[in-house]
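Descriptive structure summary
This is what each chain is made of:
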Amino acid sequence: MKYDRIRAKRPTHDLEAWQVGTIERVDDRDGHCAVDVSTPDGQRVTLIVSLELRDLFVRRLDLEPDETPVGERVWYRRRT
């Protein structure tokens with residue numbers, strides 16, 4: 001399976017390849033993670049990432065242990 005990419009911090013290279021959005025929802029689906037992101041123009045994008053990548057970007061969001069990533073800003077790239 002080809003996974004999308006998601007980052008908690010602004011990328012330092014290939015900036016034109018990344019989109020920015022705000023997390024609306026994070027769900028586990030069939031052994032993968034689905035992250036719904038709203039774009040600045042009001043669209044919703046669903047990104048499919050590995051569970052390991054989910055753990056990595058959530059850890060890098062600087063959240064308190066009981067906080068959810070919903071509402072946090074992320075950068076993403078869709079894989080097609």
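The protein goes by DUF4926 domain-containing protein in an unreviewed UniProt entry, where it is assigned to Natribaculum luteum.

Below, the discussion takes up the pairing of strand S5 (residues 73-77). Looking at chain direction, strand S1 (residues 5-7) and S5 are connected through 3 bridges and run antiparallel. Bridge pairing links Arg 7 to Trp 75 in S5. Both strand S2 (residues 19-29) and S5 contribute to a ladder of 4 bridges, which runs antiparallel. Opposite Thr 22, over in S5, you have Arg 73 as the bridge partner.

Turning to unusual backbone geometry, a few remarks are in order. Trans peptide bonds make up most of the peptide bonds, and negative phi angles are found at most residues other than glycine. Even without being a glycine, Asp 14 presents a positive backbone phi close to 50 degrees. Positioned with a positive phi, Asp 30 is a non-glycine residue whose angle comes to about 50 degrees. Note on placement: Asp 30 falls in the loop between S2 and strand S3 (32-38). Residue classification places Asp 30 among the exposed positions, given a relative accessible area of 77%.

Moving on: the packing of aromatic side chains. Enumeration over the complete set of coordinates arrives at 0 aromatic pairs. When the ring centre of Trp 18 is taken as origin, the NZ or CZ atom of Arg 7, which lies over that ring, is 5.7 Å away. Above the face of the Trp 18 ring, Arg 77 is positioned so that its terminal group lies 5.2 Å from the ring centre.

Rules behind the numbers
- Residue indices begin from 1 for each chain and proceed along its sequence in written order.
- Owing to the predicted nature of the model, reporting of local features is limited to residues with pLDDT of at least 70; listing and counting of side-chain atom pairs is limited to 80 or more, with chain, interface and lining totals taken over all residues.
- To obtain the side-chain values, all non-hydrogen atoms of the structure were included, while hydrogens and water were left out.
- A pair of strands is considered paired only if DSSP assigns at least 2 bridges between the two.
- Only DSSP runs of H or I with at least four residues qualify as helices, and only runs of E with at least two residues qualify as strands; both kinds are numbered from the N terminus onward.
- Each residue is assigned to one of three classes by its accessible area relative to the maximum for its type, calculated with a 1.4 Å probe on protein chains only: buried under 20%, partly exposed between the two thresholds, exposed over 50%.
- Stacked, tilted and edge-to-face are the three classes assigned to paired rings of Phe, Tyr and Trp, where Trp is represented by its six-membered ring and a pair needs centres within 6.5 Å; plane angles under 30 degrees give stacked, over 60 edge-to-face, the rest tilted.
- Comment: the charge-over-ring label is applied if NZ (Lys) or CZ (Arg) is within 6 Å of the ring centre and within 35 degrees of the ring normal.

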